[in-house]
Structure formats: structure tokens, C-alpha cells
Amino acid sequence: MKRKIIIDCDPGQDDAIALLLAFAASDALDLLGITCVAGNVGLPLTLRNALKLRELVGRHDVPVFAGCPRPILQRLETAEHVHGETGLDGVDLPEPSFGADRRHAVDFLIKTCRSAGLNGLTLCPVGPMTNIATALVMAPDIGANIAEIAFMGGAALGPGNITPAAEFNVFVDPHAARIVLESGVRTTMFGLDVTHKALATPARRAAIDALDTPSGRAASQILAYYDRTDVDKYGDAGAPLHDPCVIAYLLAPELFDGRDCHTAVSTEDGPALGRTVVDWWGRSEALPNCRVITEIDANGFFDLLTERLGQV
Ligand code: RIB
Ligand code: CA
């Protein structure tokens, strides 16, 4: 039985690899749609990048939707310094021959969740969670039909990457992240604790560079471009592949491990804005509301990614 999913994203270099992995896993994932949100770059560009990635693999069966052009309350902060002015600099992608669906992403999310049946689908936000939160506020009834919200965002035990406290996706829209985590829907968090263990080292990049498929060639270009900021910033052996962790988890959950914790989001102005406050040691009385993933079999992750990118 294929798992029905919707990917909500802000492509974005690592979002792009997450989408390519999902496109290559059509035997296991029924990708009902791609919803775009403002984040790494503005919405017109995240939408255009999603359409170009779909064009690359010829999956016009997957509808693409434009969502919210700004966070619920915060002023939009983007990350061209990481992803380039287009949000996907350094990657040769075809012009879209097919446009976005005319419906708003939030309307698509609500309609699709309502028709999915009990625990009928999984939402996979890998950007600011503005679209997901707006859908949950507009239609709280959809929560029962969402089996899981597996999201890239936050940091449980380590520092932030956009401020000392906050990870980018949650920082851009902390109120959306709070709405999602307080919604009562089962959530699984792939924060910086685990994504910074999924490093595209030279050996792992070499295996992807050797691929001779459209997805493999695109991923190779992405990793060549993406490497330059994170390696310089963190001094790591390679760039962290944040968003693909969510899709790999759907395909091979055994590659990941974590702990059920109560997780809150700081939405107060100040140095902690956007911090995911994870009760790792169970110090509060609050019940766990999120599975916080902190461990990954990184070699297994890259083996899966490389194998799948070699197929499409
Ligand atoms: O902090 C990493 C996250 O922010 C990733 O989703 C990346 O695409 C950016 O959106
Ligand atoms: Ca992203």
C-alpha cells in the first residue's frame, strides 16, 4: 500500500533533493501534490523552482500549488545567501511546460485531507509551516485524517542556524510551527540535531556525481553549489541534507531514531524567538507531543538517496 503524502516546501537546494527523492519513490509514495510556501526565497520563485523540478522528471501527474506568500505574523526573512537569488542557483533545470494548479495550496490541503479518510495521509513540510498551520486553523477537522506531520525544522539539543537559538524554518514562521505542534496531530521533527549528521561528504558526493540520470545530474549540481556556504560556516566535512531526511524516513524509518518529547516553540520577540523548546529529559508535566529525531544511519541514508536518484 503506497503512503499518500503532500510535500510542502520552499525550494531551495535541499528541498529540491527531497522532491527528487520523492519523485523517484513512486513505488512507495503516492505524492498527491506539492504545495509551495515563501521561505528560502519568495513564493514566486519557490513555486517556479518546484515546477522546474517536476518538469525535469516529467511528473505532470503531480499538481503544484502556490500557498502563503508570507508568514502568519512575522515579516518574511529569506535565505538567498544559502540558496542563491533564484533559490536554486547553480542547477540546470528545464523551463516548465505546465503551470501551477489555480487553487490555493491551503484549499488543496484542506480538500485533500478531508477526502483522505481517517489517518489517510502524511504531510511533509520542509519549509516554514505557514500553509500547514493555516489549513489547521481554517479547518481543524482535518487533523483526524492526518496520520503524521513529518517536518524538517527546529533544533532540540543543539544551536540554531539562522540565530543562535532558532532553525530557519521555525524562525521564519514560529507561530505556524506552534500551531502545528499544539494541533494534537502526530508530529515527527527532523531538526538540526539529525540533519547535521546527514553530511554530503566528498565520498558521498562522488557516488552521486557518477549517476547518469536527470535527477542524479541535478543533485550533483545542487551539492556542488550547496557545499560552499555550509562547509565554510560549520567547517563540517560536507553540507547537511536537511529536507531529504523527511522523505528518507518515509521510505526507511529504520535509518532514524529519536525520542517522544513535549516540544514547544518560543514566539516571544527576543533572542529565543523561534527556538523549539524540547523537554528531552521529561522535566515538565507536559505530555509528549512530538517524536524528536536525533539519530541517523548516515551511510544508509546516502545509499538510499544515491540508489533512488540513479533511477529517475
Ligand atoms: O534550516 C534548514 C531548512 O531551512 C531547510 O528546509 C532549508 O531548505 C531551509 O528552508
Ligand atoms: Ca526547505
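Structural data are supplied above this passage.
All figures in this text were calculated on a predicted structure; none of them were measured in a lab. (Residues numbered from 1 in each chain as written. Chains lettered and ligands numbered in written order. Predicted model: local features only at pLDDT ≥ 70, side-chain atom pairs only at ≥ 80, totals over all residues. Heavy atoms only, no water.)

Caption draft 1: The coordination of the calcium ion (ligand 2), seen in detail. Summarising the metal site, the calcium ion (ligand 2) is bound by the protein donors Asp10 (OD), Asp15 (OD), Asp15 (OD), Val126 (O) and Asp243 (OD), whose distances to it range over 2.3 to 2.6 Å. If you list the donors of the calcium ion (ligand 2) from N- to C-terminus, the spacing comes out as D-x4-D-x110-V-x116-D. Taken together, the positions of Asp15 in helix 1 (residues 13–23) and Asp243 in the loop between strand 8 (239–240) and helix 11 (244–251) put the pair 228 residues apart, joining distant regions of the chain. Side by side, Asp15 and Asp243 carry an identical accessibility label, which is buried. (Donors = N, O, S within 2.8 Å, 3.2 Å for Na, K, Ca; no water. Helix = DSSP H or I, 4+ residues; strand = E, 2+ residues; numbered from the N terminus. Buried < 20%, exposed > 50% of the residue type's maximum accessible area, 1.4 Å probe, protein only.)

Caption draft 2: Local environment of the sheet that holds strand 5 (residues 146–152). One open sheet holds the eight strands; their spatial order is 3-2-1-4-5-6-12-9, and the pairing between them is mixed. Looking along the sheet, the strands with just one partner apiece sit at the ends: strand 3 (64–66) and strand 9 (256–261). Strand-to-strand twist across the sheet, computed as the mean angle between neighbouring axes with direction ignored, equals 25°. For strand 4 (residues 121–125) and strand 5, the ladder comprises three bridges, and the chain directions are parallel. Pairing of Leu121 across the sheet is with Ile146, part of strand 5. Where helix 2 (residues 43–57) meets the sheet, its contacts fall on strand 2 (29–36) and strand 3, and the angle it forms with strand 3 comes to roughly 175°. Sitting on the sheet, helix 4 (residues 105–114) is in contact with strand 1 (3–9), strand 2, strand 3, strand 4 and strand 5, with an inclination near 150° to strand 2. (Pairing = 2+ DSSP bridges. Axes fitted to C-alpha atoms, helices over the stretch in contact; angles between N-to-C directions. Contact = heavy atoms within 4.5 Å.)

Caption draft 3: Structural view of unusual backbone geometry. Here Asn119, not a glycine, exhibits a phi torsion of approximately 50°, which is positive. Here Asn119 shows up in the loop between helix 4 and strand 4. In this structure Asn119 comes out as partly exposed when scored by relative accessible area, which is 48%.

Caption draft 4: Quick look at the nonpolar core. Core analysis: the biggest nonpolar cluster contains 66 residues, and Ile7, Ile34, Phe190, Ile247, Phe256 and Phe301 have the highest contact counts within it. Of the residues forming this core, the biggest block, eight residues, is contributed by helix 1. Residue contacts for Phe256: discarding those within four places in its chain leaves Phe190, Val194, Cys245, Ala248, Tyr249, Ile293, Glu295, Ile296 and Phe301. In terms of nonpolar packing, the next biggest core, distinct from the first, is built from 35 residues, Cys68, Leu109, Ala176 and Ala177 among them. (Core = buried A, V, L, I, M, F, W, Y, C linked by side-chain atoms within 4.5 Å.)

Caption draft 5: Seen up close, the side chain of Thr112. Inspection of the secondary structure assignment puts Thr112 in helix 4. Those residues in contact with Thr112 that sit more than four places away from it in its chain are Ile6, Leu32 and Leu121.

Caption draft 6: Spatial organisation of the packing of aromatic side chains. This model, assessed by the stated rule, comprises five aromatic pairs. Measuring from centroid to centroid gives 6.3 Å for Tyr249 and Phe256, while their planes differ by 80°, and the two rings are edge-to-face. Owing to a relative accessible area of 10%, Tyr249 belongs among the buried residues under this scheme. Of the residues examined, Phe256 reaches a relative accessible area of 8% and is grouped as buried. Judged by centre distance (5.0 Å) and plane angle (85°), the ring pair of Phe301 and Phe302 falls under edge-to-face. Neither Phe301 nor Phe302 differs from the other in exposure class; each is buried. Within the aromatic cluster, the residues linked to one another by ring pairs are Phe190, Tyr249 and Phe256. The aromatic ring of Trp281 is capped on one face by Arg259, whose charged end is 5.0 Å from the ring centroid. (Phe/Tyr/Trp six-rings, centres within 6.5 Å; stacked < 30°, edge-to-face > 60°. Lys NZ or Arg CZ within 6 Å of the ring centre and 35° of its normal.)

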